[in-house]
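Structural description and commentary
The lines below spell out each chain.
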Number of protein chains: 2
Amino acid sequence: MTQSKSPSERRAHLVQLAGDLFAEKGFRATTVREIADAAGILSGSLYHHFDSKESIGDEILSAFLEDVLAGYREAVRDTADPRTAIEQIVRSSTANLSRHRAALTMLQNDWNYFSGQPRFAYLRTAMKEIEQTWIEQLERGKQTGQFRADLDTRLTYRLLRDILWLPTSWRSSATWSTEQIIDGLLRLLFDGIRA
Amino acid sequence: MTQSKSPSERRAHLVQLAGDLFAEKGFRATTVREIADAAGILSGSLYHHFDSKESIGDEILSAFLEDVLAGYREAVRDTADPRTAIEQIVRSSTANLSRHRAALTMLQNDWNYFSGQPRFAYLRTAMKEIEQTWIEQLERGKQTGQFRADLDTRLTYRLLRDILWLPTSWRSSATWSTEQIIDGLLRLLFDGIRA
DNA sequence: TGATACCAAGCAAGCGTTCGGTCAAGGGCG
DNA sequence: CGCCCTTGACCGAACGCTTGCTTGGTATCA
């Protein structure tokens, strides 16, 4: 059909197509035949580009986590102020999440499936670093007096991280812009809903 | 084997077993053979009690939504104050969610699967009522001056409802008690993390 | 000529579901 | 008491279908 210019550009396109499906139905619920249909080829032909369905998932997940971790590292490197750091984390995450919708859906839907396999051990590693980063910033904020001293750091981290990842799963509705979501999120996190 | 006292007590037990599996892996990812294994019978024997796998899911989901809606209705009936109403909603929801872990996992993992079928049309109906309730209370709070006037009501509702349902998906860890979670949740919602 | 990208066909395994048969428990009845 | 017959719970084996994946062949183009 449409011929790709550079080698393996076709491959990247297939990953993109598969990702769109994963983002809507999850990894397990998406069949290789559906992916092939979206690409206009037969299911068997996919195996000319990938050696398994898991490889496609692997590519999507590792690319996502690399970007996320890069954003986290930059956020804490540039800033001394924990509140600014968290705000920076929120901004970089939101950008990454809208670019990697598929990865997050996979993590939420099929975490049990992936996290059990040795091949995806890096998932746990990355999650640990994310947790560590949040906890450090929250603790620092408590010490400087910017955050409430009575915060349960670990509980707050779990809530904040998951809250941050929520809007991604909202069907790509044009209801709210990314800016609006970031705004609503930040104000909620820092100030709550009370006047 | 063990004989049940009342008729269809066995059936209720099977629903319980299936629910435990659904809560961990989701509905689609759980096979009837796994359910049967957990019960110590063969997969085919399940069909003596249920006419399909979907029926089990139906039973779990409808029971959950009935309880949730009852909690919402009671919360807004008894209270004139919107802040108290929301606090009441949070409390009743948390109780319901810990009792119906399976249902929420199913809604999060397999929403696309269920919401498409006519049989599960009540899912959309119930969600609409939940949304309506939240929005009413948020609007009232804005009018009385208790909540910030610049809140995007619909966006805030989506955030709050999803946030409320988050902790359920946290594996039944003994890390935090229900009381702790409610506390952290309420303080975060109303006051944010700032000191 | 030899990669590259794909087709056509099919495999084994797993899925939800069906169906005829077995077997113990228990009430009705002489 | 002893017999029969219903009933509920389950087994064993299979069904049709879908799954991820394999294999041998073909067209295209450098």
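Attention here is on the structure that accompanies the text. (Residues numbered from 1 in each chain as written. Chains lettered and ligands numbered in written order. Predicted model: local features only at pLDDT ≥ 70, side-chain atom pairs only at ≥ 80, totals over all residues. Heavy atoms only, no water.)

With that out of the way, let us pick up the nonpolar core. Membership of the largest hydrophobic core comes to 121 residues, with the highest contact counts inside it found for Phe22(A), Trp134(A), Phe22(B) and Trp134(B). Residues contacting Trp134(A), with those up to four places away along its chain left out, are Tyr72(A), Ile86(A), Ile89(A), Tyr157(A), Leu160(A), Arg161(A) and Leu164(A). (Core = buried A, V, L, I, M, F, W, Y, C linked by side-chain atoms within 4.5 Å. Buried < 20%, exposed > 50% of the residue type's maximum accessible area, 1.4 Å probe, protein only. Contact = heavy atoms within 4.5 Å.)

Next up on the list: the side chain of Ser93(B). Structurally, Ser93(B) is set in helix α4 (residues 82-99). Beyond its immediate chain neighbours, meaning those up to four positions away, Ser93(B) contacts Tyr72(B) and Leu164(B). (Helix = DSSP H or I, 4+ residues; strand = E, 2+ residues; numbered from the N terminus.)

Turning our attention to the protein's contact with DNA strand D. By nearness alone, 16 residues border DNA strand D, and Thr31(A), Arg33(A), Tyr47(A), Lys53(A) and Leu42(B) come closest of all. Of what DNA strand D places within 4 Å of the protein, 56% of the atoms are sugar or phosphate. Taking Lys53(A), its main chain carries an N or O atom lying 2.8 Å from a phosphate oxygen of DNA strand D. (Near = heavy atom within 4 Å. Polar contact = N/O pair within 3.5 Å; in protein donor to acceptor, adjacent residues only side chain to side chain.)

Between chain A and chain B, the contact holds 41 residues from the first and 41 residues from the second. Regarding the contact of chain A and chain B, the summed buried area is about 3900 Å², with carbon and sulfur atoms giving 59% of it. Of all residues in chain A, the largest losses of buried area upon contact with chain B belong to Arg148(A), Ile193(A) and Arg194(A), amounting jointly to 20% of the total for that side. Across the contact surface, chain A and chain B share two salt bridges. The salt bridge involving Arg187(A) is made with Asp150(B); its shortest N-O contact spans 2.6 Å. Here chain A and chain B share eight residue pairs in polar contact (both at pLDDT 80 or more) between them. Going through the elements one at a time, α1 (9-25), α5 (101-109), α8 (153-169) and α9 (178-191) of chain A are the ones with two or more residues in the side of chain A that touches chain B. For the side of chain A that touches chain B, the leading source of residues is α8(A), giving ten residues. Classifying every residue of the side of chain A that touches chain B by side-chain character gives 18 nonpolar, nine polar and 14 charged. (Buried area = accessible area lost by both parts, 1.4 Å probe. Salt bridge = Lys/Arg side-chain N within 4 Å of Asp/Glu carboxyl O. Nonpolar A, V, L, I, M, F, W, Y, C, P; charged D, E, K, R; others polar.)

It is worth stressing that arrangement in space is one thing and function is another; only the former is reported here.
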